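# Working through the structure, step by step
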Amino acid sequence: MQLVIASGKGGVGKSTVTASLLYLLKDEYRFVAVDADADAPNLDLLLGVEHWEEEKELIGAKVARINTESCIRCGICQERCPYDCIKVIDGDYVVSELTCEGCNVCGLVCPVPGTITLEEVRSGVVRKTTTRYGFPLISAQLDVGRPNSGKLVTEEKEWAKKLMGELGLEHMIVDSAAGIGCQVIASIGGADLTILVAEPTPASLSDVQRAYRVVQHFRQPAYLIINKSDFNPGFTALREWAETEGIPILGEIPYDRAIPRSMSMLKPFVEAFPDSKAADAMREIAERVRKEILK
Amino acid sequence: MQIAVSGGKGGTGKSTVAINMTIALRERYDLVLADLDVEAPNDHLLLGVELANEEPVELFMPRFDYSKCTRCRKCAEVCEEHAIITMRDGTPFLMPNLCSGCAACEIVCQVPGAILPGKKLMGHTYLTETPYGFPLVTGRLLEGEERAMPIVSRAKKRAQALGKELLLVDTAAGTSNTVSKALEDSRLIIAVTEPTPLGIHDGELILRLAKLMDIPAMVVVNRSDLGDVGRVREIAERYGAEVIAEIPYSENIIRSYVEGKPIVLGDYPEAGIFREIASRVVEFLGGGE
Ligand code: SF4
Ligand code: SF4
Ligand code: SF4
Ligand code: SF4
């Protein structure tokens, strides 16, 4: 089974919840964990990973380059670039590598053949390790200023599938990126179900609703975990929304200083502070995941 | 003139800093705030306003006129997104989700009228008045659409077109090229981070991006009592950036966040921190008129 954990908004505790869930499920299930937030991966840090066993460079991003020697400075490329990535610097037309999307429109419209070339550059790395908890983790790191593409996530999931075959693993648990862009779509697409994590604030509600629409787009079931559930007692709109949509709430985790403290210790909070009230809540959630989802 | 607020990691309080700083700066500058976190724009919620003056962001999307198309496959070959698939006989089909609207296919097609300029809605931009005397421009990607770049670029243009003295940009988290697009043309980047290992890791990436883009950066440490600010200072120093403020974890900030009332306007002691950040910015920019 392929299970995704998503939130729409960053910073609601999705990865800390994921790390603790993985920790609680590790003895009973055989799974591979995937950190699909290639732009800001952090599951490795939360699981105390210190080194990678295997790393693959991901070449695949493309950027345009202009040969200033043959360029006749007509400015057509700059006019036609859909994303305004071409600037004039000291009289030369130059592609800003950190914003170029690699669409090659400039190359197609340039009247001097060979002046603009599309070059393949590294977009990041995909990497694998075995965590100290025994299950493998696939993660990726996008290079600074590269297009944030779903391809990286697809690559990670491919690798995870291969591992599932080799090691006889039953499940893939994917910690998706924040937002609703290409990486999230690549995470949720092809999965069996999504667990949404949200906190009771208007911002988190608005973002989780957007993530839920992506889930609906793929016609998957969704579940909800409410984090920092006692953080904003007057705010009932999150629960009401889940009820109206018929999204089962797997559990609620109260705000607990044990969580940020465990992050500094680079350990899942259920391991670092097993007696905290957040850990109690998390164990109940894991129990429901066992009974209702993984069975 | 433009400055940007960015933070490697989501949820570090980047928007809180952006909003409070903007409010503190409004007396010195005629300004506009642009929320370019188009996958999860929240500044309007923090400011307690409803998005207004919606404008669609529509992109080119090819439509094929099969009575004219010669099935030469050129359009499919040129599409970097592999959004056009061809049947065995060369008939092109579009997979709309993958299309980025770049129009490269239309440029190469040699048969007039075989590709018609269809349109697809990618998201919206908004221009909202706030009760604080400055407008907010927001970009918002449509759910199910993958490409944030066109929305970032359009929202930024809409904000620039207002011709204000100062444009404050609130970027998405991370360091992908949509963040570079938002940062582009900034005189200064305020990088918001946390002193946790995660925050430090992601904060370093944003400083690296700032360096690559040759934009000076200043660091604001949020939830500064959560970890080791010394580590943040070390890293900031390595990138030639200075830590200009430490914001401790604060119930007051959470309360003001939840109530949609910017803290800088109240009497809580935390208000002073944001005013101090604003004055450092003014100092850097050489004072407002
Ligand atoms: S490849 Fe596309 S995005 Fe890059 S500079 Fe050329 S036209 Fe612009
Ligand atoms: S279109 Fe070609 S020749 Fe014209 S300015 Fe651009 S690179 Fe130079
Ligand atoms: S390039 Fe034009 S003529 Fe050729 S297959 Fe595409 S649409 Fe048809
Ligand atoms: S507009 Fe660009 S991305 Fe879309 S089909 Fe044409 S070439 Fe491909």
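In every chain, residue numbers begin from 1 and rise along the written sequence. Chains and ligands are labelled sequentially in the order written, the chains with letters from A and the ligands with numbers from 1. Two thresholds apply to this predicted model, a pLDDT of at least 70 for residue-level local features and 80 or more for giving and counting side-chain atom pairs, whereas whole-chain, interface and lining totals are computed over all residues. Only hydrogens and water are set aside; all other atoms, that is, all heavy atoms of the structure, feed into the side-chain values.

A tally of helices and strands in chain B yields 10 helices and 11 strands. Relative accessibility decides the category of a residue: with a 1.4 Å probe and only protein chains considered, values under 20% of the type maximum give buried, values over 50% give exposed, and everything between is partly exposed. Buried residues in chain B amount to 63% of all 289 residues. Counting only contacts in chain B whose residues sit at least 6 apart along the sequence, the fraction spanning at least 24 positions is 75%. If you sum the accessible surface of chain B, you get close to 11,200 Å²; carbon and sulfur atoms cover 49% of it. Chain B carries 31 positive and 41 negative side-chain charges, and their two centres are separated by 6 Å. For helices the rule is a DSSP run of H or I covering at least 4 residues; for strands it is a run of E covering at least 2, with both sets numbered from the N terminus onward. In this description, contact between two residues means that some pair of their heavy atoms is separated by no more than 4.5 Å. Surface accessibility follows the Shrake-Rupley procedure with a 1.4 Å probe radius. Residue values consider only the protein chains on display as shielding. Positive residues here are Lys and Arg, negative ones are Asp and Glu, while His and the chain termini are left out of the count. In plain terms, the charge of a residue is placed at NZ if it is Lys, CZ if Arg, CG if Asp and CD if Glu.

Attention shifts here to the environment of Ala140 of chain A. Residue and element names in this part refer to chain A. Looking at the secondary structure, you find Ala140 in strand S7 (residues 136–142). Spatially, the C-alpha atoms of Ala140 and Val153 are 7.9 Å apart, while their sequence positions differ by 13 residues. Apart from the residues within four sequence positions on either side, Ala140 is in contact with Asp35, Asp37, Ala38, Pro41, Val125, Val126, Arg127, Leu152 and Glu156.

So, about the pattern of salt bridges. Pairing of side chains with opposite charge becomes possible as their charged atoms draw close. Throughout this description, the term salt bridge denotes a Lys or Arg side-chain nitrogen within 4 Å of a carboxyl oxygen of Asp or Glu. Counted under the stated rule, the structure contains 33 salt bridges over all chains. Between Glu80 of chain B and Lys62 of chain A there is a salt bridge, and its shortest N-O distance comes to 2.9 Å. Here Glu80 of chain B is found in the loop between helix H3 (74–78) and strand S4 (84–86), whereas its partner Lys62 of chain A is found in strand S3 (residues 54–66) on a different chain. The salt bridge involving Lys181 of chain B is made with Glu184 of chain B; its shortest N-O contact spans 3.3 Å. Taken as a pair, Lys181 of chain B and Glu184 of chain B share a single burial class, namely buried. Several salt bridges share partner residues, and in doing so they unite Glu28, Glu287, Arg290 and Lys291 of chain A into one network.

Once that is clear, we can look at the site of ligand 2. A single heavy atom is enough: if one lies within 4 Å of a molecule or strand, its residue is considered near that molecule or strand. As a structural note, the neighbourhood of ligand 2 is formed by 13 residues, with Cys71, Cys74, Gly75, Cys77 and Cys110 of chain A the closest of them. Here the residues of the shell around ligand 2 are counted per class, giving 10 nonpolar, two polar and one charged. Classification used: nonpolar for Ala, Val, Leu, Ile, Met, Phe, Trp, Tyr, Cys and Pro, charged for Asp, Glu, Lys and Arg, polar for all others including Gly.

In a beta sheet, neighbouring strands pair by backbone hydrogen bonds and run either parallel or antiparallel. Residues and elements named next belong to chain A. At least two DSSP bridges between two strands are needed for those strands to be called paired. Read from one edge of the open sheet, nine strands run S3-S6-S7-S2-S8-S1-S9-S10-S11, paired in mixed fashion. The two strands at the open ends of the sheet, each matched to only one other strand, are S3 and strand S11 (249–253). Here the strands of the sheet are splayed against their neighbours by 20 degrees on average, with no regard to which way each runs. One ladder, built from four bridges, connects strand S1 (residues 2–6) with strand S9 (residues 193–198); its direction is parallel. Along S9, the bridge assignment pairs Val4 with Thr194. Whenever a helix is involved, its axis is fitted only over the stretch in contact; in every case the axis is a line through C-alpha atoms, and angles between N-to-C directions fall within 0 to 180 degrees. Along the sheet, helix H8 (residues 237–245) contacts S9, strand S10 (222–227) and S11; its crossing angle with S10, the most-contacted strand, is approximately 170 degrees. Docked against the sheet, helix H11 (residues 277–294) engages S1, strand S8 (171–175), S9, S10 and S11, running at close to 170 degrees with respect to S11.

What follows covers helix H1 (residues 14–25) of chain A. To estimate how far a helix should extend, the number of its residues minus one is multiplied by 1.5 Å. Helix length check: H1 of chain A (12 residues) gives 16 Å between terminal C-alpha atoms against 16 Å at 1.5 Å per residue, within 8%. The buried count for H1 of chain A comes to 11 of 12 residues, which makes it a mostly enclosed element.

A separate point is the interface of chain B and chain A. Contacts between chain B and chain A engage 53 residues on the former and 62 residues on the latter. For any pair of parts, buried area is found by adding up, for both, the accessible area (1.4 Å probe) each one loses once the two are put together. Taking both partners together, chain B and chain A bury about 4,700 Å²; carbon and sulfur atoms supply 58% of that area. At the surface where chain B touches chain A, the tally comes to six salt bridges. Residue Lys157 of chain B is joined to Asp84 of chain A by a salt bridge in which the shortest nitrogen-to-oxygen separation is 2.6 Å. What qualifies as a polar contact is a pair of N or O atoms within 3.5 Å, subject to a donor-acceptor requirement within protein and to the restriction that residues adjacent in sequence count only when both atoms come from side chains. At the surface where chain B touches chain A, the tally comes to 17 residue pairs in polar contact (both at pLDDT 80 or more). The set of elements that each furnish at least two residues to the side of chain B that touches chain A consists of helix H4 (104–108), strand S7 (135–141), helix H5 (149–160), helix H6 (177–183), helix H7 (197–213) and helix H9 (251–259) of chain B. Per-element accounting of the side of chain B that touches chain A gives the leading share, nine residues, to H7 of chain B. In terms of residue class, the side of chain B that touches chain A is built from 25 nonpolar, 15 polar and 13 charged.

Right, let's get into the site of ligand 3. Close to ligand 3 lie Phe64, Cys69, Thr70, Arg71, Cys72, Arg73, Lys74, Cys75, Cys109, Val111 and Ile115 of chain B. In the shell around ligand 3, the residues fall into seven nonpolar, one polar and three charged.

A word on the packing of aromatic side chains. Only Phe, Tyr and Trp rings take part, Trp by its six-membered ring, and two of them pair if their centres are within 6.5 Å. Stacked means planes under 30 degrees apart, edge-to-face means over 60, and tilted covers everything else. In the structure shown here, the tally under the stated rule is seven aromatic pairs over all chains. On the numbers, 5.9 Å between centres and 50 degrees between planes, the contact of Tyr66 of chain B with Phe93 of chain B is tilted. Placement of the pair is Tyr66 of chain B in the loop between strand S3 (55–64) and H3 and Phe93 of chain B in strand S5 (residues 92–94), with a sequence separation of 27 residues. Grouping aromatic residues by their ring pairs yields a cluster made of Tyr23, Phe31, Tyr133 and Phe135 of chain A. Put simply, a charge is over a ring when the Lys NZ or the Arg CZ is close to the ring centre, within 6 Å, and near the line of the ring normal, within 35 degrees. Directly above the ring of Tyr23 of chain A sits Lys26 of chain A, whose terminal nitrogen or CZ lies 4.2 Å from the centroid. Against the face of Tyr249 of chain B rests Arg257 of chain A, its NZ or CZ located 4.9 Å from the ring centre.

All names here are of chain B. For the pair H7 and helix H8 (residues 229–238), interaxial distance at closest approach is 10 Å and the crossing angle is 15 degrees. By the angle class used here, H7 and H8 are roughly parallel. Relative to H8, H7 is oriented so that their crossing is right-handed. For the pair H7 and H8, contact is made by Ile200, Glu204 and Leu207 and by Arg231, Val232, Ile235, Ala236 and Arg238, respectively. Partitioned by chemical class, the residues of the contact of H7 with H8 number five nonpolar, no polar and three charged. Note that the term roughly parallel is reserved for angles under 35 degrees, roughly antiparallel for angles over 145, roughly perpendicular for angles of 65 to 115, and oblique for everything else. Each helix crossing is assigned a hand: it is left-handed if the near helix lies turned anticlockwise from the far helix by less than a right angle, otherwise right-handed if that turn is clockwise.

Our focus in this paragraph is the confidence of the model for chain A. A score between 0 and 100, pLDDT records how confident the predictor is in each residue. Here chain A shows a mean pLDDT of 90. Residues at 70 or above account for 100%. Of all helices and strands in chain A, the one with the weakest mean pLDDT is helix H6 (residues 182–188) of chain A (80), whereas strand S2 (residues 31–35) of chain A scores best (96).

Where nonpolar side chains cluster on the molecular surface, the patch consists of Tyr66, Ile85, Met87, Phe93 and Met95 of chain B and spans about 390 Å² of accessible area. Using a relative accessible area of 31% as the deciding quantity, one classes Tyr66 of chain B as partly exposed. Only residues whose relative accessible area exceeds 30% and that take part in no salt bridge are eligible for patches, with like-charged residues grouped when within 9 Å of each other and nonpolar side chains (Val, Leu, Ile, Met, Phe, Trp, Tyr) grouped when within 5 Å.

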